[in-house]
Structure formats: C-alpha cells, structure tokens
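# Chain and residue survey
Take a look at the letters that make up each chain.
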Amino acid sequence: MSSTDQNQTVSPEATPKAAPDSVNPEPKVHESPASKSSGWAVFMFFMIGLVGSLLSGWILFPEILYSKKNQPIDFNHAVHLDMVSDGCESCHYFRDDGSFAGMPNMGDCIDCHEEAQTDDPEEIKFVDEYVTPGIEVPWLNHSKQPDCVFFSHSAHVIGADMSCKSCHGDIGTSEHTRVYEENRLTGYSRDIWGHSISRLGKSRHEDPKPMKMNDCAKCHKEETGHKGACFQCHK
Amino acid sequence: MKIDRRSFLTYTTAAVLGGAAGSMLTPAPWKLMDDAAIWTQNWPWTPVPEDGEVTYKQSVCTLCPGGCGINVRLINGRPVKIEGLKDHPVNKGSLCPMGISGLQYLYGPSRVTSPLKREGKRGDGKWKKVSWDEALAAVSGKLAELRANGRPQSVACITGSDQGTIPNLIGRFLTAYGSPNYIRSATAQDAIEQAIYLTQGKQGTPVFDIENADFILSFGSGILDGWGSPGRMFNLYGSQKPAKKIIQIEPRLSDTAAKASQWMGINPGTEAALALGLAHVIIKESLYNKDFVENFAFGFDDWTDENGKSHNGFATMVKKFAPEKVSRITGINKAEIVSLARAFARASKPIAINGRGHGAVAGSIDESLAVQSLNALVGNINKSGGISAIPDSNYAKWPEVNIDEIASKGMQQPRIDGAGSEQFPNTRYLLNRLPVILNAAKGDSPVQALLVTDANPMYTLPDTVATKKAFDRIPFIVSFSPYMDETASYADYILPNHSFLERLQDVPSHAGISRQVISLAKPVIQPTYDTKHVGDSFIHMAKSLGGFVSNAFPWDNYEAFLKETLKNQWRKLNRKGIIEIEHNLPEPLAYTFNTVSTKFEFYPTARDSAKQKKSALPSYTPVPIEGDIQRFKLVLTPYDSIRLAGGYMANAPFMTKTVDDEVLKNQFGLVEINPATAKDLGLKEGATALLTTPKGETTVQVHLYEGIKPGIIAMPRGLGHTAYSEYLAGKGTNINTLIGPIEDPTSGLDMAWGIRAKLIRI
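Keep in mind it's a predicted model, so treat the numbers as computed, not measured. (Residues numbered from 1 in each chain as written. Chains lettered and ligands numbered in written order. Predicted model: local features only at pLDDT ≥ 70, side-chain atom pairs only at ≥ 80, totals over all residues.)

When its secondary structure is counted, chain A shows 11 helices and 2 strands. In sequence order, the secondary structure elements of chain A are arranged as α-α-α-β-α-α-α-α-α-β-α-α-α. Evaluated residue by residue, chain A yields a buried proportion of 13% over its 235 residues. Partitioning the contacts of chain A with sequence separation of at least 6, the portion at a separation of at least 24 is 63%. (Helix = DSSP H or I, 4+ residues; strand = E, 2+ residues; numbered from the N terminus. Buried ≥ 20, exposed ≤ 12 C-beta atoms within 10 Å, placed from the backbone. Contact = placed C-beta atoms within 7 Å.)

This is the structure we're talking about:
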C-alpha cells in the first residue's frame, strides 16, 4: 500500500482535483510521496492539538491561572476557638448596626495579643511585625467578593439561622492556614469559583462552598423557591 | 515523513483546529470569559467605595458663615457623606448643596498639599514645595524685617470672619505686631448692622426672627438662594404655614421669588424708594404702630435741635414718596404699592428684611435704614418675630496684650482702608476700598505684606483688573488657603490651612437666628496632607518674632489657646459640641435704646455726626451705576443661586453639575435677557454674544427669560474661576470682572447692584 494511493483517497484536496491533475503530466512532479500530506498525519496533528489543549485546559490552565500565596501569619483557628466563649462570632462579630465586621482588625487582636502569650514563633512574628508597629495584618480573604456584590451576613446568619460552616466550611477547627490560590486575572480567591475548575461534582462537607452568583441562586431556589432578583445583591 | 511548506501548513492547521476543538471541551475559555468580566471591574481607576465600620462624627460646617451642624458619615474612618445634624439649633437637619458636596473640598484636586514657595512670575503656577520650617521662617523673616524698619502698619490681613477665636487670634497677632489693618470681607450684614447701630445704638449681630413672623417682606433677599444660613431658610420654607406670607421684591424671578407668595418685579436698585413709598402709605393711612412710634421713637415728627434749628421728621420726609412717584421709580404699579403697604402694616407679625441674594454685597445704608424704619413703623423691634441685635460674642476670654513701642506706633496709624476714619466712623472694615487706595497710592505701596486667610479677594472683589493691579503693588503676599484659589495662586507663599473637616475651631453662628449659638468644629479626620492649622501658623510666627509679640502668645498651639480662652465653657462645648446662649429680648414696655435720644431713631443722629451735608434721614438717591447710557443701553445685574457659591469658597464640582443648561452650557455662561429686549437687539435663544461693560468684556450665550425685566440682563455669581482645578476653572464668566465697586457715602461699603452693559451678537 503506497502512500500515494492513500493520499488520493483520503486527502481532501486530492480527491476532486485528482482526475484533471493526473491528466496533466506537470503536477506529477509534486505528487512525490513526501509532498502529499498524509491523512493519518493530519489526523494525528489534529489529535495532538486536541489532546494537548485538553490537557493544558484541564491540568495546566488551573496551575497557571492561580498563583499560590501563604497567609502573612500561619493562623491557628482551633486554638482560638477553644479559648473563646462565643464561637466564631467572638472575633467575626456583628457590629451594633447589624453589619458584619468580617476579618478582625488589630483593634480586636490587641486585646489579648499586646504581648506574645506563648513562644509560638508565628505568634511572636505576629506581635513583632504587626502588633508592636501597629500595622494591620494583610490577611488574604478567601471569601472576598467583588465590590458590586452586596452580601448581608445578617440576613443569612441571624435571619435564616445558617451556620458559618454551611458556606465557609469547617475552617474553625483548622490548625494551619491553607494556601491562598489567587486568580491572577481577577485577584480573587479560587474558593469563589470553587476548587473544581469544571465546577462539576459536589464539594465536600468540610470544604468552603463556591460563591459564584449561580451558587447563591441555586441555594436560594432550594431554600426560598426563587433565585432572587438582581437588585437583591447588585445594588 | 518529509515536511514541506504545504504539508507544514496543513499539519499546523490540523493541530490548531484540534487545539481549538479541544479547548472548547475544557473549562479554560468559559472561565477566562468570566474572569475577564471581573477583571474589568478591578481596573485601578475604577473607584471602589470603602467597606467597613460605619461611624458618625458631629461637627459644624464652616464653608459659609451660616454655621449649620453637620453629621459626617465615616466608613473605616474615611468621611463618605455629610448630612445635616438633626438636633442642631441653626439648621435642624437641613443642609445646602454646598455642605452636602463638601467632601469634594476634602478630596478634590484643588487642595494645596504642602507649603509652597512661588517660582517664576506671580500667577504662573510654578511652585516649589518647601518645608514648614522654611515657609514659616520666610514669612516671619519678612514680618520681622518690616517691623525692624518701623513699618508694622504696612502689614495687612484679610480674613473671612471676625467672630470666633481664630479671627481673634489673628487680630491679637496684628495688635501685638503693630498693625491696625485687620480687614474682614464685607457682606450685606455690615450694612444692616450699621443701620441697626444708627437707629438703635446697638453694635452686634442682627437677628431676624423669621420663624415667628407671619409676613416676610424681602427686599431681594435670596431666602431660598443662600441668604443667612441656608439650612435654616430651607426649614422656613419647608414649614410654611398657609397663613405665612413671603413677598419677594427683586428684578428677576429667582427661585426664591418663584416659591414666594408673591413676586414683585422691581427696577433694580430702587428698593429704598419702595420701602419709603410703603412708609408713606402706612403713615398716611395711619396704619403704623402708634404705641411704639410715640413712646419709643425719635425723629418721626418734625423736631427742633438745641440750636433752635428745625428738622424734618421721617413722616414729613416720606411725603415725597407718594405711590405715583414711587411707581414711576420702581416700576411697580401704584395699586400694588398701596395694597402691599396695607397688608404689611395689618399683618400681626410682619418683618422686612434686605440684603440682595446671598448678601455678598453690603448695599446702601439708605436702603438698610429705610427697611429698618419700616420695621419700626410696625413696631417689631426687639420683639418675637422681629428685628433685634445680639451683642458681639465675648465668650472667649484672654489676657490683655502688652505691646511694645513699635507696635504702639503702628497701631496709632490710620487704617489703610479708611474704616473708622472721620469719613466712615461707623464702619469697621472696608475691603472693597483697598484696591482703589493701593492703586492710587504714590510711591511705595502702603501694604508691604498681605496675609490672606478664609478669603479670596482676587475672585470676590469687584473689578478684577483693578484688584490684580493693586495686588501687583504688594511686594509680599501670603495665603493660608487650603485650596489653590485665585488669591493663593497669586501669592508668594502658601501656608495651607487644614481643610474644613480637618480643623478644630469654634464657630459662633452669625446668621440671624434669635439665640447665640457657638458650635465646635471638630476634626472628623486627621489631616490628609502636609497642612497646618492657621492658628498654629500664627502662634509659630509670633514666637519667631520674639519679644512682646511672642509674649502675647504663651500657648503652645491653637488647641491650648482655645481651651484656655474658653475656660470652663470648653468642657461643655467639647462634650456637647454646642453652647447656646439665650437672647433675652427686653421688656416691651421698657424699650431703651443706646442712641443719643435713648429711643429708636428714625432720624439717626449718629449718622448726622458723620458730617453728612444732607439730612440723616434715610432717603432714596439712585445709586449711580457706572457707564454711559448712550453706549451701554442695558443694565447687568448679578444674581445668586443656591447651586453656585459666589463667595470665597468656590463651588464643589458636584454643585456645578446641578446648574441648568440655561445658566452654564459647556464653557459658556449664559446671560438672561427678556425676550422683548432680545428681539430689539436681534438676539435669539442660544446666540453667542459679546457682553461689554465699562469694566470688561466676555463672550456669553443668550438665554431668553420672561422672568427678568426688559432692559435688564443678569448673570450669576460663582462662575468663571481661573484657579482651583480643571473641574472649576474656565467655566463661564466671573461677574466681578465686569462690575466695579460703588462706595456708599455713609459707610464706604460697596453698594453696587449692577453696571451698564451692551450685548452684541457675534
């Protein structure tokens, strides 16, 4: 089986023009085996492209899209949770006006950590680098949403009696901070999109839940029977 | 497999197609699309509001003398909104557009961010940043040099207010230094104050108890356009009872006039004639308050002085102002004059007020006296719903200043502006005369160094060209402005003060309310830039000057000075943010006035002693406006709007945004003209025209407006800035470039209400 035969049957460019070309002796010069694209080769290259992009899209792309960062201090939630009386709300509290304070700031930390209480190197680092000079710790917030999104913790935690865990996962028992994967394009955490780049499958119970708009809508549909109106969040 | 060009292209195409097909089956393109959308929201120039804890700080607005209480909303300590303070006695929660947009003064690009020294020619805008030490040393050095040369009186200081501890601290500095030339910018209040002084013998802040009046006769006061304290006036309109009448008398249908019970279009500058015409009717029909006039007034009837010379009384004098004649002068028909006079006199609590628009121009003393006489005729002096005067605030106490010989000699020199001189004995400050005096001075300029704070004379003084020429003659100009205003941009040094939300200051209300209210402006934010409290700058300079000047300032800084001068009132003021002192009106049957006659003087004897050749009684003489009537057939009058700040503080850019297309279009200011006049001149709506006055010319667009009298054209104050920032400069025309000052013969204050003008289509 010569490659020429194959070429004549498979190659798209060869088929319609094959007859007139064979009449004309001159083009035969180009009909050398090497000069014709092999159908298999074309398919092979197509597949190389296909598989290559599949691999890079599924495996390489997430690696490139997210940079990995560590929190400035390796914070131990478990230790803190043991020592406070009011659970998560001891530090992540609601202000008097009902708004949610979010990450505690230096004013909150300084109550206990004016001086290091243990010889834990992370605590000493925290006191030396942040408490003493009075600098806010630049925590990397896994749940930070774009400015156009208005989310009320009050409506969910107080109004709907949801636990922190139901969205943020079991962070309260963690002994170390996780690696913060930052989307290089948007600057937000990978947690918002969800760890699965395909957004398929269900996240584990103890993991933080994805927080894209569809995730909000899905839960709202399940819990309230309606996805909610645009202006509930986009004000 | 040999690859030539053709097969290479084929294989590449195949690979690309494969790649494209494959990528569609990966999350990458869909994820990137989503991310790209979010990426666009995070462009660095997209403003992102601060998120965090919401707090409120109470303070008082110092953008105008109104003294409205403000409640500043902060997020994470950053001021994000200014609201009116609900329980403040002046404004009760209302606030004007300027106060609401006040944050733009804090964050806007017109701030002076550090001390600056001029490089290049004046007004070129070339500056060198210098340290505070260097700037203060340079200014103190210059002041020390002038003092050493025995010329302390050649230092003048222009301020925006003379009430409160900052102006008093500056006054104290000048006294210890040896200069009598402390000059405060004038407003209509000066003329009213003087009229009250002349008739009642009482020096103080005029009180208009408008809230308790039921018939308000306003001679052009822009009650809704920024007159007095705007917050207070908004409340007045908001709570109008059906029985309350507001009669607005002005040549133009302003917002105030449009919202009044009645608008009377008057020929501009003839308000005094109308007031006297109303008095004529009231007296003729015997509608005046006889109890007050007979028992507590002097000069109503004809009288004979101790030399046996007989004088006409007020009643005789107003006989000249019969409604027919007044109708001819004012353009208001006779029947309306008569019915207005009757309605005013018969109302249970009528009040007459004056001061045009915002009250930026003092106006004529005759006019203020005529309006005061109207109030006296209905007997509403020192009464609820009437007119009275609060003595100047004296809540702050400080030790006497001991001055040395140089200062003493300096202080004995006459004031440069002529205030308090034999010619103008009852006037305290005459800023409007300064340019003329400086330009006329032979040899050295009488002002060798000028300090300017809370004032912008290069913009606000009429006749900008003459003002600039006068300032050119001053060798050393220092501005303490937090903003690059017209005067700051013409200075040699700028020692920027903190902006209004960053500085500590006591603010005595000066806006006619019937109580003395002293509020405390507390910093709501730490200074954003390298600025210094003007009080601290003066204390620093005093200490550098040494000797008696330094001894007059034993305080480390302004805060210490404030605490010490307020003594036991400081704690209350600091805690509550406000001190209120009730203004007790005298018993109605025990009216005594501090005048020579101890009565209300329809014939103000104090004016008589001012060596006036004519009778001291208020009269009407047309204010001579500039310009040849043959060449300039129209009359240009400025007007004020609540949406434009015409004073030393420029508009916040948000305010300019609220200005209609009929006032400012693109870069052109519009001039209002009656359609009939426009037709005569061949001008159509929107036509571009050249507006010329004896003082200057400008290109304007024409706006046909039925609400202005034929022959009159009007433009607003507050446009045409040349400094500040690109958001303010070059928009419209500064009307002060087209108008000149006219001196009132009694007070020396500016009484110009317009100028002759012509409008030619181009």
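We now examine the overall build of chain B. When helices and strands are counted, chain B shows 26 helices and 30 strands. Its C-alpha atoms give chain B a radius of gyration of 30 Å, near enough to 27 Å, the size a compact globule of 762 residues would have. On the principal axes, the C-alpha backbone points of chain B span a range of 135 × 70 × 55 Å. Buried residues in chain B amount to 56% of all 762 residues. (Rg over C-alpha atoms; globule rule 2.2 N^0.38 Å.)

With that out of the way, let us pick up the sheet that holds strand β10 (residues 245–249) of chain B. Residues and elements named next belong to chain B. The parallel open sheet is built from 4 strands, whose spatial order is β11-β10-β9-β15. The two strands at the open ends of the sheet, each matched to only one other strand, are β11 (262–264) and β15 (350–357). Each strand of the sheet is rotated relative to its neighbour by a mean of 20°, with strand direction disregarded. Pairing of β10 with β11, which is carried by 3 bridges, proceeds in the parallel orientation. The residue of β11 that forms the bridge with I247 is Q262. (Pairing = 2+ DSSP bridges. Axes fitted to C-alpha atoms, helices over the stretch in contact; angles between N-to-C directions.)

Here we come to helix α6 (residues 165–177) of chain B. Residue and element names in this part refer to chain B. The terminal C-alpha atoms of α6, which comprises 13 residues, lie 18 Å apart, in line with the 18 Å expected from a rise of 1.5 Å per residue. Most of α6 is tucked away: 11 of the 13 residues are buried. Within the sequence span of α6, burial applies to T165, I166, P167, N168, L169, I170, R172, F173, L174, A176 and Y177. With its phi angle positive at about 115°, G178 sits one or two positions after the end of α6. (Expected span 1.5 Å × (residues − 1).)

Time to look at the packing of helix α13 (residues 323–330) of chain B against helix α14 (residues 334–346) of chain B. All names here are of chain B. Axis separation between α13 and α14 bottoms out at 8 Å; the angle between their running directions is 110°. Classed by the angle they form, the pair α13 and α14 counts as roughly perpendicular. Of the two possible hands of crossing, α13 and α14 adopt the one that is right-handed. In this structure, α13 contributes P323, E324, V326 and S327 to the contact, and α14 contributes K334, I337 and V338. Across the contact of α13 with α14, the residue classes tally to 4 nonpolar, 1 polar and 2 charged. (Parallel < 35°, antiparallel > 145°, perpendicular 65-115°, else oblique. Left-handed = near helix turned anticlockwise from the far one by under 90°. Nonpolar A, V, L, I, M, F, W, Y, C, P; charged D, E, K, R; others polar.)

Glancing now at the domain arrangement of chain B. Residues and elements named next belong to chain B. The domains assigned to chain B are domain 1 (5–41), domain 2 (116–187 + 402–504 + 527–577), domain 3 (204–223 + 235–391 + 586–608) and domain 4 (634–761). Counting residues at the interface gives 21 residues for domain 3 and 23 residues for domain 4. For the side of domain 3 that touches domain 4, the class distribution of residues is 7 nonpolar, 10 polar and 4 charged. (Domains from an automatic or database assignment.)

Residues and elements named next belong to chain B. One open sheet accounts for 7 strands, arranged β5-β4-β19-β18-β17-β6-β7; its pairing is mixed. Among the strands making up the open sheet, the edge pair consists of β5 (127–129) and β7 (182–184). The sheet contact formed by strand β6 (residues 155–159) and strand β17 (residues 449–452) spans 4 bridges and is parallel. For I158, the partnering residue across the bridge sits in β17 and is V452.

Between chain B and chain A, the residue contacts involve 29 residues of the former and 33 residues of the latter. Of all the secondary-structure elements, those providing two or more residues to the side of chain B that touches chain A are α1 (5–24) and α2 (28–41) of chain B. Taken together, the residues that form the side of chain B that touches chain A break down as 15 nonpolar, 9 polar and 5 charged.

All names here are of chain B. Inspection of the sheet shows strand β27 (residues 688–693) paired to strand β28 (residues 696–704) by 6 bridges, in the antiparallel sense. If you follow T692 over to β28, its bridge partner there is E697. Between β27 and the antiparallel strand that follows it, β28, lie 2 residues. Sheet topology places β27 next to strand β30 (residues 755–761); 4 bridges connect them, and they run antiparallel. Note that in β30 the partner of L690 across the bridge is I760.

Moving on to unusual backbone geometry. Residue and element names in this part refer to chain B. For K567, which is not a glycine, the phi torsion comes out positive at approximately 45°. Looking at the secondary structure, you find K567 in the loop between α22 (558–566) and α23 (569–576). Exposure remark for K567: the 12 C-beta atoms within 10 Å place this residue in the exposed category. Residues other than glycine seldom take positive phi values, yet N666 does so here, at roughly 50°. Tracing the sequence through the fold places N666 in the loop between β25 (664–665) and β26 (668–673).

Right, let's get into the confidence of the model for chain A. The predicted model of chain A has a mean per-residue pLDDT of 84, with 84% of residues at 70 or higher. Low pLDDT, under 50, characterises residues 1–32 of chain A; the stretch is placed with 21 contacts to residues that sit more than four places away or in other chains. (pLDDT = per-residue confidence, 0-100.)

Next up on the list: the pairing of β28 of chain B. Direction of pairing for β26 of chain B relative to β28 of chain B: parallel, over a ladder of 4 bridges. Residue pairing for β28 of chain B: E672 of chain B is matched across the bridge by H703 of chain B.

A word on the domain arrangement of chain A. Residues and elements named next belong to chain A. Looking at the assigned domains, one finds that chain A contains domain 1 (3–67) and domain 2 (142–233). The interface of domain 1 with domain 2 comprises 4 residues on the first partner and 6 residues on the second. Broken down by secondary-structure element, the contributors of at least two residues to the side of domain 1 that touches domain 2 are α3 (39–65) and β1 (66–69).

Here we take up the environment of P554 of chain B. In this fold, P554 of chain B is placed in the loop between α21 (547–551) and α22. Taking the C-alpha atoms as reference points, P554 of chain B and N91 of chain B, separated by 463 residues in sequence, lie 37 Å from one another.

Turning to the nonpolar core, a few remarks are in order. Of all hydrophobic cores here, the largest spans 221 residues; its most connected members are A275, L278 and A542 of chain B. Element by element, the count of residues in this core is highest for helix α10 (residues 271–284) of chain B, at 10 residues. Ignoring sequence-local partners within four residues, the contact set of A542 of chain B consists of F173, A176, V549, S550, A552 and F553 of chain B. In terms of nonpolar packing, the next biggest core, distinct from the first, is built from 7 residues, F45, F46 and L50 of chain A together with A15 of chain B among them. (Core = buried A, V, L, I, M, F, W, Y, C linked by C-beta atoms within 7 Å.)

In this section: the environment of I100 of chain B. All names here are of chain B. Here I100 shows up in helix α3 (residues 97–100). Taking the C-alpha atoms as reference points, I100 and K81, 19 residues apart in sequence, are found 7.4 Å from one another. Every residue in contact with I100, bar those within four places of it in the chain, is listed here: I82 and L95.

On to the confidence of the model for chain B. Of all residues in chain B, 98% attain a pLDDT of 70 or more, and the chain-wide mean is 91. Across the interface, the model reports ipTM at 0.81; the global pTM reads 0.85.

This next bit is on the packing of α10 of chain B against α14 of chain B. All names here are of chain B. The geometry of α10 relative to α14 is characterised by a closest axis approach of 9 Å and an angle of 70° between their N-to-C directions. Taken together, α10 and α14 sit at an angle that is classed as roughly perpendicular. The hand of the α10/α14 crossing is right-handed. Judged by residue contacts, G277, L278, V281 and I282 of α10 engage I337, V338, L340, A341, F344 and A345 from α14. Among the residues forming the contact of α10 with α14, the class breakdown is 9 nonpolar, 1 polar and no charged.

All names here are of chain B. Mapped onto the elements of the fold, G627 is located in the loop between α24 (605–608) and β24 (634–639). For the pair G627 and Q153, spaced 474 residues apart in sequence, the C-alpha separation works out to 36 Å. Setting aside anything within four residues of it in sequence, one finds G627 in contact with F632, T693, P694, I755 and R756.

The next subject is helix α10 (residues 213–224) of chain A. Its 12 residues give α10 of chain A an end-to-end C-alpha distance of 16 Å, which sits within 8% of 16 Å, the value for a rise of 1.5 Å per residue. Once α10 of chain A ends, the next one or two residues include G225 of chain A, with phi positive near 85°.

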